[in-house]
Amino acid sequence: MRTEGWELVEATRAEGAGILFITPHLGCFEITAQCIAAKIPITVLYRPPRKEVLQPLMEGGRARGQMRTAPADLSGVRKLVKTLRSHEAVGMLPDQVPGAGEGVWSTFFGKPAWTMTLAARLAAVKGVRVIYTWAERLPRGEGYVFRLQAPTEPLTGDIDADVAIINREVERMILQCPQQYLWGYNRYKGPRREPEDEAAEAAENTPGDATVRADGAPAGDSPATSPNRAAADADGAAAERRP
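Just so it is clear, the model here is predicted, and its values are computed rather than measured. (Residues numbered from 1 in each chain as written. Predicted model: local features only at pLDDT ≥ 70, side-chain atom pairs only at ≥ 80, totals over all residues. Heavy atoms only, no water.)

### What to know about the overall build of the protein chain
When helices and strands are counted, the protein chain shows 8 helices and 9 strands. Counting over 243 residues, the protein chain shows a buried share of 45%. Considering only contacts in the protein chain between residues 6 or more positions apart, those separated by 24 or more positions represent 68%. (Helix = DSSP H or I, 4+ residues; strand = E, 2+ residues; numbered from the N terminus. Buried < 20%, exposed > 50% of the residue type's maximum accessible area, 1.4 Å probe, protein only. Contact = heavy atoms within 4.5 Å.)

### A few points about the pattern of salt bridges
Within the structure shown, the criterion is met by 9 salt bridges. A salt bridge links R68 to E88; the nearest nitrogen and oxygen atoms lie 2.6 Å apart. Remark: E88 occurs in the loop between α4 (74-85) and β5 (89-92) and R68 occurs in strand β4 (residues 67-71); sequence separation between them is 20 residues. Of the residues examined, R68 reaches a relative accessible area of 32% and is grouped as partly exposed. Look at the salt bridges and you will find they share partners, linking R2, E4, E136 and R147 into a network. (Salt bridge = Lys/Arg side-chain N within 4 Å of Asp/Glu carboxyl O.)

### Some details on empty space enclosed by the protein
Using a probe with the size of a water molecule, rolled over the atoms, empty space left in the structure can be pinpointed. Considering all chains together, one arrives at 1 cavity of 30 Å³ or more under this definition. Roughly 40 Å³ of volume is contained in the largest cavity. In terms of lining, the largest cavity is formed by P94, T115, M116, A119, A120, V163, I166 and N167. Of all the secondary structure elements, the ones that give two or more residues to the lining of the largest cavity are β7 (111-116), α5 (118-123) and α6 (159-176). No other element matches the 3 residues that α6 contributes to the lining of the largest cavity. Looking at the lining of the largest cavity residue by residue, the class counts come to 6 nonpolar, 2 polar and no charged. (1 Å grid on protein atoms, 1.4 Å probe; cavity = no way out; pocket = protein on both sides within 12 Å on 5 of 7 lines; lining within 4 Å. Points joined across faces, edges and corners; volume = space filled by probe spheres on them. Nonpolar A, V, L, I, M, F, W, Y, C, P; charged D, E, K, R; others polar.)

### What about the packing of aromatic side chains?
Evaluated as defined, the whole model comprises 5 aromatic pairs. Measuring from centroid to centroid gives 5.0 Å for F108 and F109, while their planes differ by 75 degrees, and the two rings are edge-to-face. A relative accessible area of 1% means that F108 is categorised as buried. Residue classification places F109 among the partly exposed residues on the basis of a relative accessible area of 29%. Ring geometry for F108 versus Y188: centroids 6.3 Å apart, planes at 45 degrees, classification tilted. With F108 in strand β6 (residues 103-108) and Y188 in the loop between α6 and α7 (195-204), the pair connects residues that are 80 residues apart, well separated along the chain. What makes Y188 partly exposed here is its relative accessible area of 28%. (Phe/Tyr/Trp six-rings, centres within 6.5 Å; stacked < 30°, edge-to-face > 60°.)

This is the structure in structure tokens:
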């Protein structure tokens, strides 16, 4: 394993800033967090397996060294925000298709892609620095090159604009080694339709006073469990507590 760009991490930690490592489905993306956790603590977002029996195996494989995990739900996103505010590191993959209400349509290689806003919202937490990472597989089983790269475009604080910037940064990484991107993953499909989303839509289309979401919230409100809403709420609550 060869590492290129670790000086970015050292400089950011010397500033006392939290770090958001953004890693697309490029190369051996599963080992990037392991490489970081070998040197500093990092918390990563993950979706628990559908089969509960696999949970210990997944946690044992990922939560090694200084790596901690956070589930892809309200509690997990709050944990990520708290970690960043504690000037520690968080890692996530920005190119997964989010659920309804958790993304925006943003250009990715010339086509509209339903793109998560969570990465942009976490990057907007005060004092956070973004570092882009990926691990290139070397030929003939010779190992990997773990690359850490500084942003080429500064983020603006505007969520839609920052989602587009992150997509362009991901494109630049992919173009360095396009043959190792997980092209089989469909970036261009629409958001997942969860049962509660369908129930909410049906309620919104019902005449009279029945415009209430299945979770009891007024129709049109984002679900309380939305990771993006959680990040915004957690960040806003912390801001209100600051003098």
